[in-house]
Amino acid sequence: MQFDHAGVATDDAMGMAELYGDLFGLEVAHEEEFDGMHVVFLDVGNGYFELLEPIEEGGAIARFLANRGPGIHHVGLATEDIDAALERVREYDVRLVDEEPRPGAWGHQVAFLHPKDTGGVLVEFVQH
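Residues numbered from 1 in each chain as written. Predicted model: local features only at pLDDT ≥ 70, side-chain atom pairs only at ≥ 80, totals over all residues. Heavy atoms only, no water.

### A closer look at the nonpolar core
Formed by Ile-82, Ala-85, Leu-86, Val-89, Val-94, Leu-96, Ala-111, Leu-113, Val-123 and Phe-125, the largest nonpolar core amounts to ten residues. The dominant element in this core, judged by the number of residues it contributes, is helix H3 (residues 82–91), at four residues. Not counting residues within four places of it along the chain, the set of residues in contact with Ala-85 comprises Met-1, Thr-79 and Phe-125. (Core = buried A, V, L, I, M, F, W, Y, C linked by side-chain atoms within 4.5 Å. Buried < 20%, exposed > 50% of the residue type's maximum accessible area, 1.4 Å probe, protein only. Helix = DSSP H or I, 4+ residues; strand = E, 2+ residues; numbered from the N terminus. Contact = heavy atoms within 4.5 Å.)

Rendered as structure tokens:
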């Protein structure tokens, strides 16, 4: 397993992409509308910033922004076998947000672990 991305909730994904481009020299690696969000991935060399802007009311990122404001939403870890990764965390009685992998942005398979069992951090497994 290795670091894949930090998911960042924002009200303006392209504005943040421009800011991070200016500040850190980052470029957009991928952009799409997915699951009620405008999603922008910025390449940081060994992973990505995944900028998440809600474009529909009521979604997870819209609720996050309303409750907490902009900032880090989750951390993504890449795995070659998401089913095996989920089975491993089940052995430690970690609760899962997603019992089974589901389609994620950029065509990846994803599954989230419950932050109450991971030190308050929402962790996402990502299989490319």
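### Notes on the pairing of strand E5 (residues 71–78)
Pairing between strand E1 (residues 2–9) and E5: seven bridges, direction antiparallel. Bridged to Gly-7 within E5 is His-74. (Pairing = 2+ DSSP bridges.)

### Description of helix H2 (residues 60–68)
Among all positions of H2, only Ile-61, Phe-64 and Leu-65 are buried. For H2, the arc enclosing every buried residue in end-on projection is 95°, short of the 170-degree limit, so these residues lie on one face. Away from the buried face of H2 by more than 90 degrees, exposed residues Ala-66 and Asn-67 are located. Looking at the buried residues of H2, the elements they touch are E1, strand E3 (37–43), strand E4 (48–54) and E5. Looking one or two places after H2, you find Gly-69, whose phi comes out positive at around 85°. (Arc of directions from axis to C-beta.)

### Observations concerning a nonpolar patch on the surface
On the surface, Leu-19, Leu-23 and Phe-24 cluster together to form a nonpolar patch covering roughly 320 Å² of accessible area. On the secondary structure map, Leu-19 appears in helix H1 (residues 13–24). (Patch = residues over 30% accessible without salt bridge, like charges linked within 9 Å, V, L, I, M, F, W, Y side chains within 5 Å. Areas by Shrake-Rupley, 256 points an atom, 1.4 Å probe, with all protein chains shown as cover. Salt bridge = Lys/Arg side-chain N within 4 Å of Asp/Glu carboxyl O.)

### Points about the packing of aromatic side chains
Counted according to the given criterion, the structure contains five aromatic pairs. Aromatic pair Tyr-20 and Phe-24: ring centres 5.3 Å apart, planes at 65°, arrangement edge-to-face. Of this pair, Tyr-20 and Phe-24 both sit in helix H1, four residues apart, which is roughly one turn of the helix. Overall, the relative accessible area of 16% leaves Tyr-20 in the buried class. Here the aromatic rings of Phe-41 and Trp-106 are separated by 4.8 Å at their centres, their planes lie at 50°, and the arrangement is tilted. (Phe/Tyr/Trp six-rings, centres within 6.5 Å; stacked < 30°, edge-to-face > 60°.)

Everything listed here is a matter of coordinates, which is why it stays silent on function.
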